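Descriptive structure summary
Listed here are the chains, written in short residue letters.
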Amino acid sequence: MGLSLSIHGAEKRLQIHQRRSVASRPGSRRLPVVRHSSLPPGRRSVKMETSSSGITNGRTKVFHPEGGVDLQSYQLDMQILPDGPRSDVDFSEILNAIQEMAKDVNILFDELEAVNSPCKDDDSLLHPGNLTSTSDDASRLEAGGETVPEKNKLNGLYFRDGKCRIDYILVYRKSNPQMEKREVFERNIRAEGLQMEKESSLINSDIIFVKLHAPWEVLGRYAEQMNVRMPFRRKIYYLPRRYKFMSRIDKQISRFRRWLPKKPMRLDKETLPDLEENDCYTAPFSQQRIHHFIIHNKDTFFNNATRSRIVHHILQRIKYEEGKNKIGLNRLLTNGSYEAAFPLHEGSYRSKNSIRTHGAVNHRHLLYECWASWGVWYKYQPLDLVRRYFGEKIGLYFAWLGWYTGMLFPAAFIGLFVFLYGVITLDHCQVSKEVCQATDIIMCPVCDKYCPFMRLSDSCVYAKVTHLFDNGATVFFAVFMAVWATVFLEFWKRRRAVIAYDWDLIDWEEEEEEIRPQFEAKYSKKERMNPISGKPEPYQAFADKCSRLIVSASGIFFMICVVIAAVFGIVIYRVVTVSTFAAFKWALIRNNSQVATTGTAVCINFCIIMLLNVLYEKVALLLTNLEQPRTESEWENSFTLKMFLFQFVNLNSSTFYIAFFLGRFTGHPGAYLRLINRWRLEECHPSGCLIDLCMQMGIIMVLKQTWNNFMELGYPLIQNWWTRRKVRQEHGPERKISFPQWEKDYNLQPMNAYGLFDEYLEMILQFGFTTIFVAAFPLAPLLALLNNIIEIRLDAYKFVTQWRRPLASRAKDIGIWYGILEGIGILSVITNAFVIAITSDFIPRLVYAYKYGPCAGQGEAGQKCMVGYVNASLSVFRISDFENRSEPESDGSEFSGTPLKYCRYRDYRDPPHSLVPYGYTLQFWHVLAARLAFIIVFEHLVFCIKHLISYLIPDLPKDLRDRMRREKYLIQEMMYEAELERLQKERKERKKNGKAHHNEWP
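Remember, predicted model here, so these are calculated numbers, not experimental data. (Residues numbered from 1 in each chain as written. Predicted model: local features only at pLDDT ≥ 70, side-chain atom pairs only at ≥ 80, totals over all residues. Heavy atoms only, no water.)

So, the overall build of the protein
Looking only at helices and strands, the protein features 30 helices and 24 strands. Buried residues in the protein amount to 51% of all 1002 residues. At a minimum sequence separation of 6, the contacts of the protein that also span at least 24 residues come to 77%. Per element, the accessible surface of the protein, about 49,000 Å² overall, is 58% carbon and sulfur. (Helix = DSSP H or I, 4+ residues; strand = E, 2+ residues; numbered from the N terminus. Buried < 20%, exposed > 50% of the residue type's maximum accessible area, 1.4 Å probe, protein only. Contact = heavy atoms within 4.5 Å. Areas by Shrake-Rupley, 256 points an atom, 1.4 Å probe, with all protein chains shown as cover.)

Remarks on the pairing of strand β9 (residues 195-200)
Buried residues dominate β9, accounting for 6 of its 6 residues. Across 6 bridges, the pairing between β9 and strand β10 (residues 207-213) is antiparallel. Residue pairing for β10: Met196 is matched across the bridge by Leu212. The turn linking β9 back onto β10 is made up of 6 residues. (Pairing = 2+ DSSP bridges.)

Re helix α19 (residues 593-627)
Along its 35 residues, α19 runs 49 Å from first to last C-alpha, staying within 8% of the 51 Å computed at 1.5 Å per residue. One or two positions beyond α19, positive phi appears at Gln628, with a value near 55°. (Expected span 1.5 Å × (residues − 1).)

Section: the packing of helix α12 (residues 392-424) against helix α15 (residues 474-502)
In contact at an axis separation of 10 Å, α12 and α15 are set at 155° when each is read in the N-to-C sense. Relative to α15, the element α12 lies roughly antiparallel. Considering how the two elements wind past one another, α12 and α15 form a crossing that is right-handed. Contacts between α12 and α15 involve Leu396, Ala399, Trp400, Trp403, Tyr404, Met407, Leu408, Pro410, Ala411, Ile414, Gly415 and Val418 from the former and Phe476, Phe477, Phe480, Met481, Trp484, Val487, Phe488, Phe491, Trp492, Arg495, Arg496 and Ile499 from the latter. When grouped by side-chain class, the residues that make up the contact of α12 with α15 number 21 nonpolar, 1 polar and 2 charged. (Axes fitted to C-alpha atoms, helices over the stretch in contact; angles between N-to-C directions. Parallel < 35°, antiparallel > 145°, perpendicular 65-115°, else oblique. Left-handed = near helix turned anticlockwise from the far one by under 90°. Nonpolar A, V, L, I, M, F, W, Y, C, P; charged D, E, K, R; others polar.)

Topic: the nonpolar core
In this structure, Phe390, Trp400, Tyr404 and Trp484 are the most contacted members of the largest nonpolar core, which totals 150 residues. Here this core takes 15 residues from α12, the largest share from any one element. With sequence-adjacent residues up to four places away left out, Tyr404 is seen in contact with Trp484, Phe488, Met763, Gln766, Phe767, Thr770, Ala784 and Asn788. Membership of the second largest hydrophobic core comes to 38 residues, among which are Leu212, Leu219, Leu329 and Ile971. (Core = buried A, V, L, I, M, F, W, Y, C linked by side-chain atoms within 4.5 Å.)

Describing the environment of Met407
Along the chain, the position of Met407 falls in helix α12. Each C-alpha atom of the pair Met407 and Ala485 lies 9.4 Å from the other, and the pair is 78 residues apart in sequence. In this structure Met407 touches Trp484, Val487 and Phe488, once residues within four positions along its chain are discounted.

Side note on the pattern of salt bridges
Applying the stated criterion across every chain, the model contains 25 salt bridges. Close ionic contact of Asp167 with Arg307 constitutes a salt bridge, the shortest N to O distance being 2.8 Å. Placement of Asp167 in the loop between α2 (150-154) and β8 (168-173) and of Arg307 in helix α7 (residues 304-315) is noted, with a sequence separation of 140 residues between them. Assessed through its relative accessible area of 2%, Asp167 is described here as buried. With a shortest N-O distance of 2.8 Å, Lys211 and Glu197 are connected by a salt bridge. Highlighted residues: Lys211 in strand β10 and Glu197 in strand β9, separated in sequence by 14 residues. The pair formed by Lys211 and Glu197 is uniform in burial state, with each residue classed as buried. Sharing partners across several salt bridges, the network here consists of Arg160, Glu197, Glu199 and Lys211. (Salt bridge = Lys/Arg side-chain N within 4 Å of Asp/Glu carboxyl O.)

Description of a nonpolar patch on the surface
Residues Tyr852, Tyr920, Leu922, Trp925, Leu928 and Leu932 make up a contiguous nonpolar surface patch of about 590 Å² in total accessible area. Broken down by element, the nonpolar patch gets its largest block of residues, 4 residues, from helix α29 (residues 922-952). Positionally, Tyr920 belongs in the loop between β24 (902-906) and α29. (Patch = residues over 30% accessible without salt bridge, like charges linked within 9 Å, V, L, I, M, F, W, Y side chains within 5 Å.)

Structural notes on the state of the cysteines
On inspection of all chains with the given rule, the structure shows 3 disulfides. In this model, Cys444 is linked to Cys903 through a disulfide, with the two sulfur atoms separated by 1.8 Å. The S-S bond linking Cys444 to Cys903 shows a torsion near 85°; that makes this disulfide right-handed. Remark: Cys903 occurs in strand β24 and Cys444 occurs in the loop between β15 (442-443) and β16 (454-455); sequence separation between them is 459 residues. (Disulfide = S-S within 2.5 Å.)

Focus: the packing of aromatic side chains
Any aromatic ring pair is given by two values, namely how distant the centres are and how the planes are angled relative to each other. For the coordinates displayed, the defined rule picks out 51 aromatic pairs. Between the aromatic rings of Tyr920 and Phe924, the centroid separation amounts to 4.0 Å while the plane-to-plane angle is 15°, which identifies the pairing as stacked. We note Arg805 situated over the ring of Tyr389; from NZ or CZ to the ring centre the distance is 3.8 Å. Directly above the aromatic system of Tyr920 lies the positively charged group of Arg909, at a separation of 4.2 Å from the ring centroid. (Phe/Tyr/Trp six-rings, centres within 6.5 Å; stacked < 30°, edge-to-face > 60°. Lys NZ or Arg CZ within 6 Å of the ring centre and 35° of its normal.)

Brief notes about the confidence of the model for the protein
Per-residue pLDDT for the protein averages 75, and the proportion of residues at 70 or more is 76%. A low-confidence stretch, residues 1-125 (pLDDT under 50), is modelled with 288 contacts involving residues beyond four sequence positions or located in other chains. A low-confidence stretch, residues 998-1002 (pLDDT under 50), is modelled with 8 contacts involving residues beyond four sequence positions or located in other chains. (pLDDT = per-residue confidence, 0-100.)

So, the packing of helix α20 (residues 632-660) against helix α25 (residues 816-839)
Contact geometry of α20 with α25 gives a least axis separation of 13 Å together with a crossing angle of 10°. For the element pair α20 / α25, the angle class is roughly parallel. Residues Asn637, Thr640, Phe644, Phe648, Phe656, Ala659 and Phe660 of α20 touch α25, and the partners they reach there are Ile816, Trp817, Ile820, Ile824, Leu827, Thr831, Phe834, Val835 and Thr839. Within the contact of α20 with α25, the residues separate by chemical class into 12 nonpolar, 4 polar and no charged.

Topic: unusual backbone geometry
Not every positive phi belongs to a glycine, and Asp504 is a case in point at roughly 60°. Position of Asp504 relative to the elements: it lies in the loop between α15 and α16 (517-522). Classification of Asp504 by relative accessible area gives buried; the value is 9%. Phi is positive for Gln628, close to 55°, though the residue is something other than glycine. As for its placement among the helices and strands, Gln628 is situated in the loop between α19 and α20. For Gln628, a relative accessible area of 13% corresponds to the buried category.

Considerations on the UniProt feature "transmembrane region" (unreviewed entry) in the protein
UniProt records the feature "transmembrane region" (unreviewed entry) at residues 397-424, 473-492, 549-575, 595-616, 644-665, 764-786 and 814-838, using the numbering of this structure. Annotated as 77% helix and 0% strand, the span residues 644-665 places its first and last C-alpha atoms 30 Å apart. (UniProt positions renumbered as here; feature names shortened; annotations may be inferred.)

Right under this line is the structure:
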């Protein structure tokens, strides 16, 4: 048999085919009455099921788990079975129960009888935990012939009666002192119409699980209040008229596609028949117009995620104590009354049978097989199923991550092309040839005393590696990546609009958020009227807010200074270590002292980054709480901005130093600039500073992504394994399968306290690494692409298997992260302009080719025009002009047999015998002017292209705009026709009854 579940907006239908017996709830069949062993023998068990009108007092309805009503002095379970067998029932007892229930509806906090009750946690609802969640008495039937669905009772997704599906779980400890608050809260839960049942834990008897179920009447009432959009009519698409010529072309293309293999990246509908097209118009649910909606089964009309969201909405508005602000589940979780609150996963994510032959057991199993499994890493994500199971907010994150990963393909391809272009042209590069052949050019030592003289040809390998990243295609790639960032953001807006339309988020507006309890407690004495709700609320004075913002900004500035201090420490390490490695015993390290210094400095910098991240999180929490944001969204935005700023500066500060400061302010031999008049500042390698920047970016990027992936998946795996190990030691390995679903989910790891913050932050920092210094490391997009392919499946596996099911929440976009992405896109244009102009040798080579080389004045800039560039870029220094503390121990006689008189260094300075020794040459000023001109031209050109692309690409696709307009028109027509039909029926009835009265629009 099959269970059909609609997913709106996704244009898909999910059918879970179960070849085995499936736990369903037939609507036309009455389930029998089951007596539980937990009921005292002196209490009579009679079942009563109220109609949709219910027993009401005001606006509340009372429903008890399994149809019973919890009374103060006794427990009475009643259910009127209109279609079932009748039995002798004392109706006076039922009348007394109804009267007692009516008294128990409205709970006045000053007259609570439960406060003086000996059992504060209402243990009359508590069932002792057991491996099968049933008892011996539960197998005996009071209504003959019919059996309770054992499948429902055993899978841990239903109440003990097997009829009421669990929509939400609350967890608390009996030893917790917050008993009175919990008792009042649970009595008000029942007063709102939610059904409740309690179960003790199998692992720890002190842990109690509170199972909640929302009946149809409660779901309908709150779905209408929350404006939950539900399907009411299948969509009718308008197909524009196509010309015969275009139709013939489509037919020819279709014939050609038959010979091609099927699209391997799409989910196979034949082997996985669970995805079927379904597209319906939706409208806010209304009980008055319930006949307009497509309701095949009331039990499945609201899917599990929607049911949990409605129950959570109810729990957030239930009081637990007398007082204006003593309301909501979040406050009870904060003060420790409840230990956890979560919706249940839909069973196990594994099955003994193959999904291809037997179908998916549940939606969790389907998600695992077609999304979280490593075998489908190359396929598209089933975003509609993700949205249905986890909600729109998490669905949007994976939609953005998938879109970002897809857009990385062209960037990675072009970056790989730039790298391969450097490999192909390596043998034809005139600069690297001259460096490798310069055996007679002796370079000055790069550090004091211990560093020896070296031949320029010794840096041949580094010159070739530099050419791989710094070649003629680098500028093109930098421009491409700046344009790519804009195209990525603009097309994401279009993609988000399509998703918002498919997922019914176009007209959705966030509800007015509740004020944070900390804000209420701080400013409860000052109140003013809310301009929206018209109710009094706490108010924060402008002067107080400004003073707190100033203190917070000062804290941010102080932490940035801490980052600069850490970078300063790394600089001192590099300066001191290069001399140490130059005097090292091992020849490998001694001959590559600069590379060894850079490599160890990067690793130490990574360790400092990870340690400071822990400190930054605590500081960001402290500063955000100090600001006292009014709502949770304001708190999240403030915390997000601080954490991003801290981690961005922490991660990129050393990279900025290497890119723009390393080797720029060192002076020249004989007049070196020194740190604290002691340490000589580090110079670039004879082949340039770009190799240091490449090493910094490559090592940091690989280590950071590896560490993040381990912490995201490895840490939860270890924690869950340790929990299962303790359970096996206590109860034995053969009993672990019998645990109910709520026990299994409770032993999983909860979702991060900050929601999707860590996932977004990791990807945004990676986006910055991919774009900001991409001119120095063209392989960054490729590394990001490979990481994201793994990241999608890691996150999917984590959400499906390692974490408790998060509450399905709605969102229209990715929030403040979009603005951060735009800021990074603007910064990337500036940094890449400076990297090309200052860090790389692109501008000096261009100036030499057009002004000083063999082709000067001819308008050419090929490799033949670069002959002599290396010699022209090196200046001459007289060794006798060395300072005493800089004079090397070796005199250089090992090169020519006699002491050296001159050595060379990278700079544009006059020789020592000129009128102004070691002064800047004219070529230096030409290069400087060209660098500044390039920065200005590059930035203005790229910014113009970015703005032009932003202007030309509309935020809404044209076909989507037409679909939205047509849908609005058709909905108006449908509603008009339905209302006209209703009025005609009412007119016929009035004529038949002979009555005439006017009815307004409901």
